[in-house]
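A structural walkthrough
Listed below are the residues making up each chain.
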Amino acid sequence: MNDSEMFKRAIPGPLPELDDINHFFWTSGEDGLLRFQQCDDCHHWLHPPSVCCPKCLSEKLTPQAVSGQATVGAVSINYQPWMPDMKAPYAIAIVELDEQPGLHLTTNIVGCDPLSVFIGQRVKVVFEPAEDVWLPLFTPITEA
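Rules behind the numbers
Numbers given to residues run from 1 along each chain, matching the order in which its sequence is written. Residues qualify for local features only when their pLDDT is at least 70, as the model is predicted, and side-chain atom pairs are given and counted only at 80 or more; totals for whole chains, interfaces and linings, by contrast, use all residues. To obtain the side-chain values, all non-hydrogen atoms of the structure were included, while hydrogens and water were left out. In predicted models, pLDDT denotes the confidence assigned by the predictor to each residue on a 0 to 100 scale. The contact definition used throughout considers only heavy atoms, calling two residues in contact when any of these lie within 4.5 Å. Partly exposed residues are those whose accessible area sits between 20% and 50% of the maximum for their type, while under 20% is buried and over 50% is exposed, using a 1.4 Å probe and protein chains only. Secondary structure elements are defined from DSSP: runs of H or I of at least 4 residues count as helices, runs of E of at least 2 residues count as strands, and each element is numbered from the N terminus. For two strands to count as paired, DSSP must find a minimum of two bridges between them. Only buried residues count toward a nonpolar core, which is a set of Ala, Val, Leu, Ile, Met, Phe, Trp, Tyr and Cys residues joined through side-chain atoms within 4.5 Å.

**Remarks on the confidence of the model for the protein chain**
Here the protein chain shows a mean pLDDT of 91. Residues at 70 or above account for 91%. Throughout residues 1–9 the model reports pLDDT below 50, and contacts reaching past four residues in sequence, or to other chains, amount to 16 contacts.

Shown next, in the form of structure tokens:
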């Protein structure tokens, strides 16, 4: 599957508004790396971006690259095309990143038949550029 086919099911709609706290997250895909904040004091990963660590309340947070590999923890197959350019069905999932239990991201699963997505499936990040952001989407990891 080529890149243009992989993103056929990406959902059109409003893009995230960038600010001082989330800018790193929405633009980090430009170099192919997914980044989350990590607490410099207790090393807890957090998402969404914040001004302090929810575990130790430290304000020393640094964006760090993660592996980009995750496991599907929940999935919803949506059949309603809510916008004119939306292709249905499409899969929305909550994935748990390998770096830490509880480090979740709500995303779309692309590059496969949406009906084939399942809980426990291993996935990896891919990015879809859209204006000034890089949307983190996930695609199944296939065995070599």
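**So, the pairing of strand E8 (residues 133–140)**
Of all 8 residues in E8, 7 are buried, a share of seventy percent or more. In this sheet, E8 lies alongside strand E7 (residues 122–130) in antiparallel orientation, the contact comprising 8 bridges. Directly across from Pro129, in E8, lies its bridge partner Trp134. Remark: 2 residues form the turn of the hairpin made by E7 and E8, two consecutive strands paired antiparallel; Glu131 in that turn has positive phi of roughly 55°.

**Brief notes about the nonpolar core**
Residues Leu34, Phe36, Val95, Leu97, Ile109 and Phe138 are the most contacted members of the largest nonpolar core, which totals 21 residues. Elements with a contribution of two residues or more to this core: helix H2 (23–27), strand E4 (69–78), strand E5 (90–97), strand E6 (104–109) and E7. Filtering out sequence-adjacent residues up to four positions away, Leu97 remains in contact with Leu34, Phe36, Val66, Gly68, Gln69, Ala70, Leu103, Leu105 and Phe138.

**Some details on the sheet that holds strand E2 (residues 45–46)**
Pairing within the open sheet is antiparallel, and its 3 strands lie in the order E2-E1-E3. Both outer strands of the open sheet, E2 and strand E3 (61–65), are each paired with one neighbouring strand and no more. By the bridge criterion, 5 bridges tie strand E1 (residues 35–39) to E3 in an arrangement that is antiparallel. Each bridged residue has a counterpart across the sheet, and for Cys39 the counterpart in E3 is Leu61.

**Topic: the pairing of E4**
Here 3 bridges tie E4 to E7, and the two strands are oriented antiparallel to one another. What sits directly across from Thr71, in E7, is Arg122. For E4 and E5, the ladder comprises 8 bridges, and the chain directions are antiparallel. In the strand pairing of E5, Val72 is matched with Val95.

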